[in-house]
Amino acid sequence: MSRLSRSDARSDARAVSAGAARCTVTVCRDCCCGTAKVPRLDHQAQLDGLRSSLAGVALVRRVDCLDACEHANVIVVQPSPEGRRAGGRPVWLGLVNDPDAAADISAWVEAGGPGLAAPPDILDLYVINPSRRVRAALDGD
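Residues numbered from 1 in each chain as written. Predicted model: local features only at pLDDT ≥ 70, side-chain atom pairs only at ≥ 80, totals over all residues. Heavy atoms only, no water.

(A) Representation of the overall build of the protein chain. Looking only at helices and strands, the protein chain features 5 helices and 4 strands. For the protein chain, the N- to C-terminal ordering of α and β elements is α-β-α-β-β-α-β-α-α. A total of 141 residues make up the protein chain; the buried ones form 45% of that total. Summarising the internal contacts of the protein chain: among those between residues at least 6 apart in sequence, 72% fall at separations of at least 24. For the protein chain, the computed accessible surface area is about 7100 Å², with 51% contributed by carbon and sulfur atoms. (Helix = DSSP H or I, 4+ residues; strand = E, 2+ residues; numbered from the N terminus. Buried < 20%, exposed > 50% of the residue type's maximum accessible area, 1.4 Å probe, protein only. Contact = heavy atoms within 4.5 Å. Areas by Shrake-Rupley, 256 points an atom, 1.4 Å probe, with all protein chains shown as cover.)

(B) Spotlight on the sheet that holds strand E4 (residues 91-93). The strand order E2-E1-E3-E4 describes an open sheet built from 4 strands, whose pairing is mixed. The two strands at the open ends of the sheet, each matched to only one other strand, are strand E2 (58-63) and E4. Strand-to-strand twist in this sheet, taken as the mean axis angle between neighbours without regard to direction, amounts to 15°. The pairing of strand E1 (residues 23-28) with E2 spans 6 bridges and is classified as parallel. Bridge assignment links Val27 to a residue of E2, and that residue is Arg62. Against the sheet, helix H2 (residues 43-53) engages E1, E2 and strand E3 (75-78), with an angle of about 160° to E2. (Pairing = 2+ DSSP bridges. Axes fitted to C-alpha atoms, helices over the stretch in contact; angles between N-to-C directions.)

See the structure below:
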């Protein structure tokens, strides 16, 4: 659960070493998310688009499984340290299977993300509440 691929772990380490305190956007890609089980979506284009639009703004990482398969595709937006101090908590988004939803996520993160900016109202439709065990594995809460 929430295992980074080796190449993603290397790029994450480079981003963290750059010292930027920013949001982290975790994109699930494994058994359900990012596969043909979610049809009519270019999964790689979604991930590439998030990485491109959030370059220098947020750390975008791909993980193998977030164990919320019934909500594929799952994306978690974790606040920056400043956002967490302002009361922001990780926001889990499920069924992110529309390019417009990814664009809304990017716009929100660019504005500051959890704790610093209100998400676009449309993202309320995507918010999910995974089990405490699943949240703890990623969030560290």
